[in-house]
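# Structural overview for review
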Amino acid sequence: MKKKGYKKKYTAAMFRRELPLHFMILPGLALVLLFSYVPMGGLVMAFQDFIPSKGLFGDQKWCGLENFRFVFSLPGFNRALQNTIIIAFWKIVLGLLMPILFALLLNEIRSVRVSKFIQTVCYLPYFMSWVILGGILVDVLSTSGIVNQALNGLGMDSIFFLGDNRYFRTTAIWSDIWKNFGYGAIVYLAAILGIDTELYEAARIDGANRWQQTWHVTLPGMRMIIVLMLVMSLGNVLNAGFDQIFNLYSPAVYESGDIIDTFVYRMGVIDAQYGPATAVGMFKSVVSTIFISVSYFLAYKFADYRIF
Amino acid sequence: MRKKSVSRIVFEIINYCVMFLLTAICLLPVIHVLALSFSSNTAASAGLVKLLPVEFTTYSYQYVAGRKEFWNAVLRSLLRVGIGVPLSMLLTILIAYPLSKESDKFRFRTVYVWIFFFTMLFSGGLIPGYILIQNLKMMDSIWALVLPIAVSVYNVVLMLNFFRGIPRELEEAAQIDGAGHLQTCFRIYVPCALPSIATISLFTFVGHWNSWFDGLLFSNFSQNYPLASYLQTVVVKRDMALIGAGDLQALQNISDRTVRCAQIFMGMLPVLVVYPFVQKYFVKGIVVGSVKG
C-alpha cells in the first residue's frame with residue numbers, strides 16, 4: 001500500500017497493455033465479491049425481521065435496532081461474551097509466551113538431529129483439524145480415559161475436564177496451546193537464527209554467561225518479531241476459537257464454555273432466529289474489525305509491516 | 001573446547017527433560033488412539049490399553065471399511081480436494097501475478113489490493129454467508145464447499161511475495177520476445193515459483209481435508225458430508241443415527257470406542273502422509289511470507 005507520486009498520464013496504450021491484468025484478476029475478484037462482499041451487505045439482516053423465503057435482499061420488514069436490543073438483553077449473550085473474552089485473552093497471552101519459551105529452549109539443544117525431531121513432532125498437532133484433535137481429547141480426557149487413569153493411579157480423584165465448568169476453560173486454553181505452540185515457534189526460531197553470531201562472541205568477551213547472553217542478545221534480537229506477533233494477535237480478542245469449542249463443549253459446560261461464535265451458530269442455524277443471530281455476528285465483526293485495523297496500523301507504524 | 005560448567009550441565013539435563021515431555025505430549029495421544037483402534041472391545045472398555053494394542057485385532061478397521069457412509073464421505077472429500085485445490089491454485093496465481101506488479105506497471109493495483117485486503121479486516125459472518133448459499137441454491141452441492149473458500153487472500157500474499165523474488169530481467173526478456181502477460185505468468189513466473197506453489201498446494205490440501213464446518217453447514221443431508229464433517233458427527237458428537245441401529249449386533253464384537261479411534265486415525269492418515277512434504281517447505285514459506293512481507 002505504498003503510494004508514489006504519479007507523473008505519467010494514463011494513456012490508451014497503457015490501458016491496452018494492462019487490460020490482460022484486469023482479466024486475470026476478474027474470476028477471483030468475482031468470487032470475493034460474491035462470497036465476501038455480498039454477505040457483508042447481508043448484514044442488513046441484523047436490522048430486519050428476517051424471513052428466509054423472501055431472500056437475502058428481498059422485501060423484508062425493517063425493525064431498526066430491535067434485534068440488538070433483544071440479544072443484548074439475553075443472559076446467554078452476556079455469558080458468551082464474557083467467556084469469549086476470558087478464553088481469547090488467555091489464548092493470546094499464553095499463545096504468545098509458550099512459543100517464545102519453546103523456541104528459546106529448543107535453541108539451546110545443540111544436536112541438530114534431536115532438534116529436528118522435536119520440531120517435527122511438535123508441529124504435527126497444528127496440521128490436524130479440531131475434529132481429529134477433539135475426538136482424541138474427548139477420549140483421552142473422559143472419566144475412563146487414560147489421563148484420569150493416570151490421576152487415579154497417583155491417588156487423585158478423576159477430573160471431568162470437558163464436562164465440568166470448573167475445568168472446561170482451562171482445558172480449552174491449554175489444548176489450544178498444545179495444538180499451536182510448536183508451529184507458533186517457527187517465526188521465533190527464524191528470528192533467533194537471524195541473530196549475528198558475532199554479538200554472542202562480543203557478549204562472551206565481555207564476560208556474559210548463558211543467561212545474560214539470552215537476556216541481552218537473543219531476546220533483543222527477537223524483539224521486533226515478538227512485538228509484531230503481539231500486535232497481530234490483538235485482532236483475536238473476540239476469537240475464542242469456534243472450531244475448537246464446538247468440538248469440545250456440551251450443554252453441561254455452556255456456563256463456562258459457550259462463546260459468541262457457538263452462540264450465533266445455535267441461535268441462527270439451529271433455532272433459525274436469523275435477525276438476532278446476525279445482530280450478534282455483526283457486533284463481533286465490528287469489534288474485531290476495529291481491533292484488527294488498529295493492530296495492522298500499529299504493526300505498520302512500529303514494525304514497518306506491510307501485508308501487500 | 002571449554003569445559004561445561006555444572007550449572008550448564010544441570011540446565012541441559014532439565015532442558016532435555018522438558019523437551020522430551022513436550023514431544024511426548026504431542027505424540028502419545030496419537031499413539032494411544034492408534035493402539036486403541038487395534039485393540040479388542042473388552043480390552044478397550046476395561047481400560048487396559050496404554051500405548052500398545054491389547055488383544056490385537058483389525059475388527060474396527062474392517063467394520064469401518066465395510067460402511068457405505070464412510071466411503072461415501074471419503075469420495076466426497078476426494079472430489080472436494082480434486083476440484084478445490086487446483087481451482088484455488090489457479091485463482092491464487094491469477095490474482096497474485098497482477099498484484100505483484102508495482103503501481104506504475106499496473107495502475108489499478110491499489111484499488112484491487114484494498115478490495116482484497118478489506119476482506120481480511122471485515123466479514124459478514126456466519127449467518128449472511130449461510131443464507132447466501134441457500135439463496136444461491138447451492139446447499140448440498142460440492143461447489144458450496146469449494147467456491148466460497150477458493151480465494152484465500154493470505155495465500156495470495158504468500159504467492160505474490162514469491163513472485164516478487166523472481167528477477168525482473170526474466171520478465172523483461174520474455175516481453176521483448178513478445179510474450180504477453182498470461183504467457184509471462186505461466187511460462188516464466190509459475191515455473192520459477194514451483195516450490196512455493198507446491199507448498200501452498202499442500203496447505204490448501206490440508207485445509208480442504210480438515211475443513212468440517214462448511215460441510216456440516218451447507219448440507220441438508222448427511223450423505224453429502226465430506227469425511228471431516230462425517231467424522232465430526234460420528235466421532236465427536238457421537239451421533240448414533242449415523243452409526244446405524246442395525247449394527248448393534250456388530251457392536252458387540254467391536255466397541256464404539258475402538259471404531260471411533262479407527263476412524264480418527266483414518267481421518268488423519270492423509271495429513272500424516274503429506275506432512276513430511278509440508279514440513280520440508282513450510283518453514284521457508286511462512287518466514288518469507290509473513291515476516292518479510
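All residue numbers here refer to positions counted from 1 along the written sequence of the relevant chain. Written order determines the labels here, with chains lettered from A and ligands numbered from 1. At least 70 in pLDDT is required for a residue's local features to be given in this predicted model, at least 80 for side-chain atom pairs to be given and counted, and no such filter applies to totals for whole chains, interfaces and linings, which use all residues. Side-chain measures were taken over the full set of non-hydrogen atoms in the model, leaving aside hydrogen atoms and water.

## A look at the overall build of chain A
As a reminder of what qualifies: By the criteria applied, helices consist of DSSP H or I runs no shorter than four residues and strands consist of E runs no shorter than two, each listed in order from the N terminus. For the radius of gyration, the atoms used are the C-alpha atoms, and the globule rule reads 2.2 Å times the number of residues raised to 0.38. Under the scheme applied here, a residue whose accessible area is under 20% of the maximum for its type counts as buried, over 50% as exposed, and between as partly exposed, the area being computed with a 1.4 Å probe on protein chains only. We call two residues in contact whenever any of their non-hydrogen atoms come within 4.5 Å of each other. Here the accessible surface of atoms and residues is derived via Shrake-Rupley with a 1.4 Å probe, and residues count as covered only by protein chains that are part of the display.
Scanning chain A for helices and strands turns up 14 helices and 2 strands. Radius of gyration (C-alpha) of chain A: 25 Å, far over the 19 Å computed for a compact globule of 308 residues. Projected onto its principal axes, the C-alpha positions of chain A cover 75 × 75 × 30 Å. When each of the 308 residues of chain A is scored for burial, the buried share is 50%. In chain A, 65% of the contacts between residues at least 6 apart in sequence involve partners at least 24 apart. When the accessible surface of chain A is summed, it comes to about 15100 Å², and 65% of that surface belongs to carbon and sulfur atoms.

## Section: a nonpolar patch on the surface
So the rule is basically this: Here the term patch refers to residues with relative accessible area over 30% and no salt bridge, with like charges joined within 9 Å and nonpolar side chains (Val, Leu, Ile, Met, Phe, Trp, Tyr) within 5 Å. Any Lys or Arg side-chain nitrogen found within 4 Å of a carboxyl oxygen on Asp or Glu counts as a salt bridge.
On the surface, a nonpolar cluster with roughly 340 Å² of combined accessible area is contributed by A:Tyr10, A:Phe15, B:Phe108 and B:Val111. Looking at the element boundaries, A:Phe15 is found in helix 1 (residues 12-41). Look at A:Phe15 and you get partly exposed, because its relative accessible area is 40%.

## A look at the pattern of salt bridges
Under the criterion given, the structure shown has 17 salt bridges over all chains. For B:Arg8, the salt bridge goes to A:Glu108, with nearest N and O atoms at 2.9 Å. You can see B:Arg8 sitting in helix 1 (residues 6-37) and its partner A:Glu108 sitting in the loop between helix 3 (75-107) and helix 4 (112-123), one on each of two chains. Taken as a pair, B:Arg8 and A:Glu108 share a single burial class, namely buried. Linking B:Asp214 and B:Arg80 is a salt bridge whose minimum nitrogen-to-oxygen distance equals 2.8 Å. Note that B:Asp214 is positioned in helix 12 (residues 213-217) and B:Arg80 in helix 4 (residues 68-99), a separation of 134 residues in sequence. Residue B:Arg80 is classed as buried on the basis of its relative accessible area, which comes to 0%.

## Digging into the confidence of the model for chain B
Residue and element names in this part refer to chain B. Stated formally: The predictor rates its confidence in each residue with pLDDT, a number between 0 and 100.
Of all residues in chain B, 89% attain a pLDDT of 70 or more, and the chain-wide mean is 87. Below a pLDDT of 50 lies the segment residues 289-293, which in the model reaches 13 contacts outside its immediate sequence neighbourhood of four places, other chains included. The ipTM for the predicted assembly is 0.89, set against a pTM of 0.90.

## Quick word on the interface of chain B and chain A
Many structure descriptions define interface size as the accessible area lost when the parts assemble. Test applied: We define buried area as the total accessible area lost by two parts upon association, computed with a 1.4 Å probe and summed across both. Definition of a polar contact: a pair of N or O atoms within 3.5 Å, with one able to donate and the other able to accept a hydrogen when the atoms are protein atoms, and with sequence-neighbouring residues admitted only if both atoms are side-chain atoms. Gly is placed with the polar residues, together with every amino acid not listed as nonpolar (Ala, Val, Leu, Ile, Met, Phe, Trp, Tyr, Cys and Pro) or charged (Asp, Glu, Lys and Arg).
Taken together, the contact between chain B and chain A spans 103 residues of the former and 96 residues of the latter. Taking both sides of the interface into account, the surface hidden between chain B and chain A amounts to around 9000 Å²; carbon and sulfur atoms contribute 75%. A:Asp139 is the salt-bridge partner of B:Arg257, the closest N and O atoms lying 2.9 Å from each other. For the pair chain B and chain A, the interface holds 17 residue pairs in polar contact (both at pLDDT 80 or more). No other element matches helix 16 (residues 256-292) of chain B, which puts 17 residues into the side of chain B that touches chain A. When grouped by side-chain class, the residues that make up the side of chain B that touches chain A number 71 nonpolar, 19 polar and 13 charged.

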